[in-house]
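An overview of the molecular structure
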Amino acid sequence: MLKSTQDIHRIDINNRETQGAALQPCPKNLNRDLILLMASAGDSFYNILHLDELARMDTSIHRVHPLAKLLVTVAFLVAVSSFGRYDISGLLTFFFYPVTIFVLSEIPAASILKRLLLISPLIVGMGILNPLFERQTFILGGVVLSTGWITFLSILIKGALTVTAALLLVATTGMDRLARALRMLGVPRIFVLQLLLTYRYISVLTEEVARMQRAYALRAPGQRGVHTRAWGSFAGQLILRSFDRAQRVWQAMRARGFTGDYNIGEDTRFKFRDFAYLSGWIFFFAVARIFDVPGFIGSIMTWLAKH
Amino acid sequence: MSHHRLEARDLSFSYPDGHEAIKNISFCIHHGESVGIIGANGAGKSTLLMLLTGLLFPGSGEVLVGDVRVTKKTLPMIRQRLGMVFQDPDDQLFMTTVYDDVAFGPRNYGLDEKEVGERVMKALDMVGIPHLKDRAPYKLSGGEKRAASIATVLSMQPDILIMDEPTAGLDPKSRRKVIELLKSFEHTKIIASHDLDMVLETCKRVMVIRDGQVAADGEALKLLTDAKLLDSCGLELPLSVQGCPVCSNHIG
Ligand SMILES: Nc1ncnc2c1ncn2[C@@H]1O[C@H](COP(=O)(O)OP(=O)(O)OP(=O)(O)O)[C@@H](O)[C@H]1O
Ligand SMILES: [Mg+2]
């Protein structure tokens, strides 16, 4: 009981207009605040999922043919991930790509970086053991360090670059057009359909989580998260419910004549502009991959300084 | 026009868990008819509508649209002629904008983009939400979502309009708008609902479903004022009939 009173107090202090009521526990307020809290949790779910809403903007990047953007992204991923584990300076050139896309597409950087942060534990997790396991050392500013730190750093950079590139692709293209591009590449319809539906059902799933969480929180005031005792039934419910809903969404799609190939209804011709975009970037990636551009610039600088 | 006829012959359906939701239902709906399907929760209304649209296939019996039997093969053609509005608009709206959602059906039928655009705007005009065309469907209010989900079906220009609970969860004004909208359609209409007042206003014929069977089928005004029948099917007299003793005497 005491705990829940404290909770109310804390919640209400955050909420300036209701400070007067904060001194006494009022279930009505509690409910309202919880609803507000839960609603905002639900909102952020939406925002994360609806990345491809950004794809509705109309900029020079958005107008590039989806196939060109897809191929450029694939080339970028291949180039970045082909770098050796100690090669950091070469990777730096590749930041030029996401930065350019950010600027030209006017995609708010925060919207991508937030999602990158969400995935970052995964990237850190992949690299964090390297400094412990690698036996070789190097010296930086008089301190002896494991070369694992370099590997770790290179994993972080590669992770950040590739995830950002993939997110930018979705944000500037949209899932539906992306699916079209995959089809044009000859990816079998069944895989593309799988991708599209998975994407759609992720939002179905998280909506169900948000709803159930809301229902749970309203009946378990003063409790943080979902109690371990309820985890089993919560998860079971979630699977059944999302399965049901996914099925209804699928039915609604079929009822309107969906057979697996979705026609976006846009001009899909590959124009000269698209070709220039594609070949321009691939040329850039090739140069950046083969020559160590920052190292090269560095050596020119030192050469200039010496002479 | 016989090709607008919708006929069910000895339909039966059991869900995979063995629950028998539809038992031996037969009826025939003609061109231009407006039919209300009423019944308590779990009576089998939604299941029946899904059978009619080929989203489920009957265990026995058959559904005929015009003279064509609903089978896997005829589905694409059938679905173009039957427009189904689902009970929950959230199930029906899945694209990123209202426009794309309304265009989804026509595009699936391979219309060119100019015609798609015309159809979309016409459908949005009919339900009165052309101003919402660029909004994200999941951000709309309940009534707006309902209107949008009706538009997604209208854009396919179906011959027969099938709706599951079109007024559920709407405030009185939105409900009124939907009712006026339904009244204005000259399509063949099939409306499943508990909102008996709405059914009374929009439908001339009513089918009462009880435990998966047709308990009564006839003129709306007659069945909807039959207190005993409605009571035995878990329903009540419509409010408009209940409210005024003079009228109910007069009709009864
Ligand atoms: N997926 C399913 N699996 C098993 N049984 C189901 C399923 N869906 C519905 N049922 C059962 O079939 C019966 C008819 O359900 P249906 O959804 O058609 O009812 P309804 O008349 O539309 O009810 P409501 O007015 O509540 O929408 C109910 O008893 C229900 O429990
Ligand atoms: Mg139902």
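Residues numbered from 1 in each chain as written. Chains lettered and ligands numbered in written order. Predicted model: local features only at pLDDT ≥ 70, side-chain atom pairs only at ≥ 80, totals over all residues. Heavy atoms only, no water.

Description of the pattern of salt bridges
Residue and element names in this part refer to chain B. Using the criterion set out here, one finds 22 salt bridges over all chains in the structure. For the salt bridge of R5 with E7, the shortest nitrogen-to-oxygen distance reads 3.4 Å. A residue is classified by how much of its surface remains accessible, and R5, at 22% relative accessible area, is partly exposed. A residue is classified by how much of its surface remains accessible, and E7, at 15% relative accessible area, is buried. A salt bridge links R205 to E33, with the shortest nitrogen-to-oxygen separation between them at 3.1 Å. In this pair, R205 sits in strand β9 (residues 205-210) while E33 sits in the loop between β2 (20-29) and β3 (34-38), placing the two residues 172 residues apart along the sequence. Overall, E33 belongs to the partly exposed group, its relative accessible area being 22%. Through salt bridges with shared partners, one network takes in R5, E7, R9, E62, D67 and R69. (Salt bridge = Lys/Arg side-chain N within 4 Å of Asp/Glu carboxyl O. Buried < 20%, exposed > 50% of the residue type's maximum accessible area, 1.4 Å probe, protein only. Helix = DSSP H or I, 4+ residues; strand = E, 2+ residues; numbered from the N terminus.)

Here we look at the sheet that holds strand β8 (residues 188-192) of chain B
Residue and element names in this part refer to chain B. One open sheet holds the six strands; their spatial order is β6-β7-β8-β3-β9-β10, and the pairing between them is mixed. Edge strands, defined here as strands with exactly one partner in the open sheet, are β6 (82-85) and β10 (213-219). Within the sheet, the average angular offset between the axes of one strand and its neighbour, ignoring direction, is 15°. When strand β7 (residues 160-164) meets β8, the two strands line up parallel, connected through five bridges. Looking at β8, one finds that L161 is bridged to K189. Helix α1 (residues 45-52) contacts β3, β6, β7, β8 and β9 of the sheet and is inclined by roughly 150° relative to β7. (Pairing = 2+ DSSP bridges. Axes fitted to C-alpha atoms, helices over the stretch in contact; angles between N-to-C directions. Contact = heavy atoms within 4.5 Å.)

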